[in-house]
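Here are the chains, one letter per residue:
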Amino acid sequence: MADDFIPGLCARVADAAARKAPLAIQGGGSKAFYGGTPEGEPVEVAGYSGIVVYEPKELVLTVRAGTRLETVEAALDAERQMLPFEPPHFAAGATIGGTVACGLSGPRRPYTGAVRDFVLGTRIVNGKGEDLSFGGRVIKNVAGYDVSRLMAGALGTLGIVTEVSFKVLPRPPSELTLAFEYSEAAATQAANRWAGQPLPLSGTAWEQGVLRVRLSGAASAVSAARGKMGGAEVPDAASWWRDLRDHRLPFFVADRPLWRVSVPQTAEAIALPHSQLIEWGGGLRWVSGEVDALSIRSTAERLGGHATLFRGGNRSVDVFQPLQPALLKIHRRLKDAFDPAGILNPRRMYDF
Amino acid sequence: MQTTTRIAPDLPAPALRQALLATLRTVSPQLHVVVDEEGLRPFETDAFISHRETPMLAVLPESEEQVRAVVRACARHGVPVVTRGAGTGISGGAIPRQDGVLLVMSKMRRVVEVDPLLRAAVVEPGVRNLKVSEVAAPHSLFYAPDPSSQLICSIGGNVAENSGGVHCLKYGLTTHNLMAVRAIDADGDILEMGSRALDAAGLDLMALITGSEGNLGVVTRVTVKLTPLPERTETLLAAFGSVRSAAEAVGEIIGAGVIPAALEMMDRVVIEACERFMAMGFPVGAEALLLAEVDGGFEEAGEALAQVRAILERNGASEIRVAVSEVERAGLWRARKGAFAALATILPDFYTIDGTIPRRCLPDVLERIVELAAEYGMTVGNVFHAGDGNIHPCIFYDAMKPGELERSEEFGGRILELCVEVGGTITGEHGVGLEKLKQMCVQFRDPEIAAFHDVKHAFDPRDIMNPGKAVPTLKRCAEWGGTHVRAGQVPRPDIPRF
């Protein structure tokens, strides 16, 4: 099936384009809640799976979009390597294609980088049914516009991602979590002060007066950092960070709307009636509960960031922060260029 | 969709120039405009010196408002705009056009803000790369990308080229070290891409403009990410009896989980040139030198040093020098940094190639380059970023001898095609500019080239921003012939094809 998948997909898309029939791109369905409600005929990508090339010594991995995230992580783990952006799974079945399309990164993001930082190349089928490859399998590459990074977070609106090449990194041999009893302001201040020093930070999260800090690196570096930073060691913390990454902590109550507020890491505290869980050294603030969309968006904008209705809530309004007119103009033109019939995941991101 | 050029100047050349000048004087009376031939001469080329052109006129804006006024005036008259930073680019991206305006950004060089707690600096595009690290240093921070021209090259140019440097393997390229970019598009609109937060709403337009070689907009303000200065840096230099054993050591270092800050290699031609030039005292017969640098926290760097040293020894390094002082460290780097000056002692001119290959192909590709050198009857030396597979073969020639320049360019083109053949790329960090348009047709197929033009037209529907650079027209690809080699789609890409 692998050999005819892409020609088949191209034909399918070209046919849908001719009919102007919307297509809903589907991987594992683990992030179907994210973005605008999927609409159109489902296009399954999950069947197109498998690792194409993995060269641990090159730090490069090429994988088909339908490959399960857990499969990729297991292959990397066997070589003591990792996807450095610590992608969330949210549910079993999460695929690499969905991971790239949603562009979501986990707790490690402020300290090692985001999905887009580790995408070296993508192969896509655009809205005309053309099979295109951008970027490549090498770490340094400036030939042509960086269309492959553009696919990270594009929610499939510009093309169906079929293959991705990543830069991967060695998995740090040692890991330790420290806890500090800090107010929100003190936690943000401390996390940013530490991030300005050569300390092996790999995650920070504050909730209900407790700041957790994860350190990852050489054993000697982790223990030296622990000496400098103080705090209390949290035993068996790995599962806690996994639950944070996948939103399984008690904070993430299933039936409440969840807002994702992304602001500069040092931004002031946002006063809200609901509790917040703060990751990324202050850069990512999760808000669980009903809030007024306009007011949270204007606060986020004033602070230099943006707010997303991440899960649940009233999804008939804009899920994502509206764009400035000049940026919206470019978005529309790019959509027209990659998907002139407007059939790929329509309205999953904005009103196109 | 695909057009060779959409520029339709509204007047014949001399009248156009007068009309544009009149418009500029009306909309921006304070704007510094250079019109005389004498004044335009320094702007005829960048660091791709084999090509030059005199622009219709040059402007040196001092503010974003002036940039907007220039872009709008050019758009109104259908005149191309070429943007120039410090002019250090070596693929010709900033070479002007006779029928266009050259926008020189050197007067916009204000450091707007340094925010040590956020680890960010906001700078105008004309600020020099090294200046950013200088203003960050009091806070124990630095700006990581360090192209070899960092003393003079500008941040605006770094964004346009997605510049690299010797520390990319660990610290990333320019694209990994930006938080926000503000640019003026071809309509004269301000685009705010990225943000001071860790992401921004919508598509990642910042990824597109980074490395777009002045084709998508004029960068007017850049917010860069600052990185903590390492507590400790260790530098080693090792000599090897063969390029292959040095390359194997590189693979093993990375396979062992060490990400060195730098991992640079030099071949025998370069070693001998350095020896003549600087008398480093390396063992006679060394075929490859490997310069490795590890850094970070005190313990982390110490542990990495021990690991790297053991691997170098195990892989047959004939001599290893570890710098024990800052002076010694500078001494070890001198071989690498002075390599180009040393190479100039071989022949008067050399042409530096810039491709990237999967690292495992290094020994085979270098062998092939030596064979090609014999075929062309030219000498080639190799200094390169071994850690990330970014190779810089230097072809030596004498520009005074007729045909030598052309021959060196043809030879260079063959090397780049070889890079694509093994699954690599025609440019790792220097950009396409005017230099590698032809090889773009080798690396990409027509629908991909067409998609690049579509991306450009989303930002610049009338093709006024640096037209004719970075992406070839489909027509030119057709003229050059069907040399396309699909990277990674050759049968069994895992097997070296030699």
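Note that the structure is predicted; figures quoted are calculated from it, not measured.

1. As for the overall build of chain A
Logical step 1: Counting secondary structure elements, chain A contains eleven helices and 17 strands.
Logical step 2: Against the globule reference of 20 Å for 352 residues, chain A gives a C-alpha radius of gyration of 21 Å, in line with a compact fold.
Logical step 3: With the principal axes as the frame, chain A shows a C-alpha extent of 60 × 50 × 35 Å.
Logical step 4: Going through the 352 residues of chain A one by one, you find that 56% of them count as buried.
Logical step 5: Of the contacts made within chain A by residues no fewer than 6 positions apart, 67% connect residues no fewer than 24 positions apart.

2. A short note on the overall build of chain B
Logical step 1: Across its full length, chain B carries 17 helices and 19 strands.
Logical step 2: Taken against the 2.2 N^0.38 rule, which gives 23 Å for 498 residues, the C-alpha radius of gyration of chain B at 23 Å falls within 12% of a compact globule.
Logical step 3: Here chain B holds 498 residues, and 57% of them are scored as buried.
Logical step 4: Restricting the contact set of chain B to residue pairs at least 6 apart, pairs at least 24 apart contribute 74%.

3. Side note on the sheet that holds strand β2 (residues 57-60) of chain B
Residues and elements named next belong to chain B.
Logical step 1: As summarised here, the arrangement of the four strands in space is β1-β2-β4-β3, forming an open sheet in which the pairing is mixed. Lying at the two open borders of the sheet, with one neighbouring strand each, are β1 (32-34) and β3 (81-84). Here the strands of the sheet are splayed against their neighbours by 25 degrees on average, with no regard to which way each runs.
Logical step 2: As judged from the four bridges shared by β3 and strand β4 (residues 101-104), these two strands associate in the parallel manner. Residue pairing for β4: valine 81 is matched across the bridge by valine 101.

4. Brief notes about helix α13 (residues 362-376) of chain B
All names here are of chain B.
Logical step 1: For α13, spanning 15 residues, the distance from its first C-alpha to its last is 21 Å, which sits close to the expected 21 Å at 1.5 Å a residue.
Logical step 2: Every buried residue belonging to α13 is among Leu362, Val365, Leu366 and Ile369, and all of these are buried. Here the buried residues of α13 occupy an arc of 100 degrees about the axis, which is enough to place them on one side. Exposed residues lying more than 90 degrees from the buried face of α13 are Glu371, Ala374 and Glu375.
Logical step 3: On its buried side, α13 packs onto α8 (243-255), β13 (262-267), β18 (379-385), β19 (390-397) and α14 (404-421).
Logical step 4: Where α13 terminates, the next one or two residues include glycine 377, which has phi positive at roughly 65 degrees.

5. Remarks on the interface of chain B and chain A
Logical step 1: Taken together, the contact between chain B and chain A spans 82 residues of the former and 71 residues of the latter.
Logical step 2: Put simply, the parts of the chain that give the side of chain B that touches chain A at least two residues each are α6 (168-171), β9 (190-194), α7 (205-209), α8, α10 (298-314), α15 (437-443) and α16 (446-459) of chain B.
Logical step 3: With eight residues, α16 of chain B is the single largest residue contributor to the side of chain B that touches chain A.

6. A word on unusual backbone geometry
Logical step 1: In this structure, phenylalanine 90 of chain A takes a positive phi of about 65 degrees despite not being glycine.
Logical step 2: Mapped onto the secondary structure, phenylalanine 90 of chain A falls in the loop between β5 (81-82) and α3 (96-102).
Logical step 3: In this structure, asparagine 162 of chain B takes a positive phi of about 50 degrees despite not being glycine.
Logical step 4: Along the polypeptide, asparagine 162 of chain B turns up in the loop between α5 (155-161) and α6.

7. Description of the pairing of strand β8 (residues 178-184) of chain B
Logical step 1: Where burial is concerned, most of β8 of chain B is hidden: seven out of the seven residues are buried.
Logical step 2: Once β8 of chain B ends, the chain turns through five residues before running back antiparallel as β9 of chain B, passing glycine 188 of chain B with a positive phi of about 85 degrees.

8. A short note on the packing of α8 of chain B against α10 of chain B
All names here are of chain B.
Logical step 1: Put simply, α8 and α10 touch, their axes get as near as 9 Å, and they point 145 degrees apart. Here α8 runs over α10; the crossing is right-handed. Counting all contacts with α8, which are made through Ala249, Glu252 and Ile253, the residues of α10 involved are Val308, Ile311 and Leu312.
Logical step 2: Broken down by class, the residue content of the contact of α8 with α10 amounts to five nonpolar, no polar and one charged.

9. Observations concerning the sheet that holds strand β6 (residues 119-126) of chain A
All names here are of chain A.
Logical step 1: Pairing in this open sheet of five strands is antiparallel, and the strands run β3-β4-β8-β6-β7 from one edge to the other. Either end of the sheet is taken by a strand with one partner, and the two such strands are β3 (51-55) and β7 (131-135). Pairs of neighbouring strands in the sheet enclose a mean axial angle of 15 degrees, with direction left out of account.
Logical step 2: Both strand β4 (residues 60-64) and strand β8 (residues 159-167) contribute to a ladder of five bridges, which runs antiparallel. Across the sheet, residue valine 63 finds its bridge partner in β8, namely valine 164.

10. With respect to the environment of aspartate 204 of chain B
Logical step 1: Tracing the sequence through the fold places aspartate 204 of chain B in the loop between β9 and α7.
Logical step 2: Counting along the chain gives 195 residues from aspartate 204 of chain B to alanine 399 of chain B, while the straight-line C-alpha distance between them is 44 Å.
Logical step 3: Not counting residues up to four positions away in its chain, the partners in contact with aspartate 204 of chain B are Arg116, Arg149, Leu150, Ala152 and Gly153 of chain A.

11. So, the packing of α13 of chain B against α14 of chain B
Any two packed helices are characterised by how steeply their axes cross, that is the angle between the axes, and by the distance between the axes.
Residues and elements named next belong to chain B.
Logical step 1: Interhelical geometry of α13 versus α14 gives an angle of 155 degrees and a closest axis separation of 11 Å. Comparing their axes, α14 and α13 come out roughly antiparallel. Classified by chirality, the crossing of α14 by α13 is right-handed. Contacts from Val365, Arg368, Ile369, Leu372 and Tyr376 of α13 reach α14 at Arg407, Phe411, Arg414, Ile415 and Leu418.
Logical step 2: Of the residues belonging to the contact of α13 with α14, the class tally is seven nonpolar, no polar and three charged.

12. Some points on the environment of valine 365 of chain B
All names here are of chain B.
Logical step 1: Locating valine 365 in the fold gives a position in helix α13.
Logical step 2: Looking at valine 365, the number of C-beta atoms within 10 Å reads 27, which means it is buried.
Logical step 3: Residues contacting valine 365, with those up to four places away along its chain left out, are Ile357, Leu418 and Val422.

13. A look at helix α9 (residues 238-245) of chain A
All names here are of chain A.
Logical step 1: Turning to α9, its buried residues are Trp241, Leu244 and Arg245. For α9, the arc enclosing every buried residue in end-on projection is 100 degrees, short of the 170-degree limit, so these residues lie on one face.
Logical step 2: Positive phi appears at histidine 247, one or two residues downstream of α9, with a value of about 60 degrees.

14. Concerning the environment of leucine 59 of chain A
Logical step 1: Topologically, leucine 59 of chain A is positioned in the loop between β3 and β4.
Logical step 2: In contact with leucine 59 of chain A, other than residues within four places in its own chain, are Lys167, Val168 and Leu169 of chain A together with Ile254 of chain B.

15. Quick word on the confidence of the model for chain B
Residues and elements named next belong to chain B.
Logical step 1: Looking at chain B as a whole, its pLDDT mean stands at 91, while 95% of the residues score no less than 70.
Logical step 2: In the predicted structure, residues 1-5 sits below a pLDDT of 50 and forms nine contacts with residues beyond four places in sequence or in another chain.
Logical step 3: The ipTM value of the predicted complex is 0.97, and its pTM value is 0.95.

What counts as what
Residue positions are given per chain, counted from 1 along the sequence in the order it is written. The naming scheme follows written order: chains are lettered A onward, ligands numbered 1 onward. Only residues with pLDDT of 70 or above have their local features reported here, since the model is predicted, and side-chain atom pairs are shown and tallied only from 80 upward, although totals for entire chains, interfaces and linings are computed over all residues. Per the convention used, a helix needs a DSSP run of H or I reaching at least four residues, while a strand needs a run of E reaching at least two, with both numbered from the N terminus. Within these notes, the globule rule equals 2.2 Å times the number of residues to the 0.38 power, and the radius of gyration is based on C-alpha atoms. Buried, partly exposed and exposed are defined by the number of other C-beta atoms within 10 Å of a residue's own C-beta, namely 20 or more, between the two limits, and 12 or fewer respectively, with C-beta atoms placed from the backbone. Contacts are defined on C-beta atoms placed from the backbone: any two residues whose C-beta positions lie within 7 Å are in contact. Paired strands, as defined in this entry, are two strands with at least two bridges between them according to DSSP. In this description, a line fitted to the C-alpha atoms serves as the axis of each element, helices being fitted only across the stretch in contact, and the angle between N-to-C directions of two axes falls anywhere from 0 to 180 degrees. Expected span, for any helix, means 1.5 Å times one less than how many residues it has. Taken from the helix axis, the directions to the C-beta atoms give the arc we talk about. By definition, turning the near helix anticlockwise from the far helix through less than a right angle yields a left-handed crossing, and turning it clockwise yields a right-handed one. Residues are sorted three ways: Asp, Glu, Lys and Arg are charged, Ala, Val, Leu, Ile, Met, Phe, Trp, Tyr, Cys and Pro are nonpolar, and all the rest, Gly among them, are polar. Every angle not falling under 35 degrees, over 145, or within 65 to 115 is termed oblique; those three ranges are roughly parallel, roughly antiparallel and roughly perpendicular. As a per-residue quantity, pLDDT reports the predictor's confidence and falls between 0 and 100.

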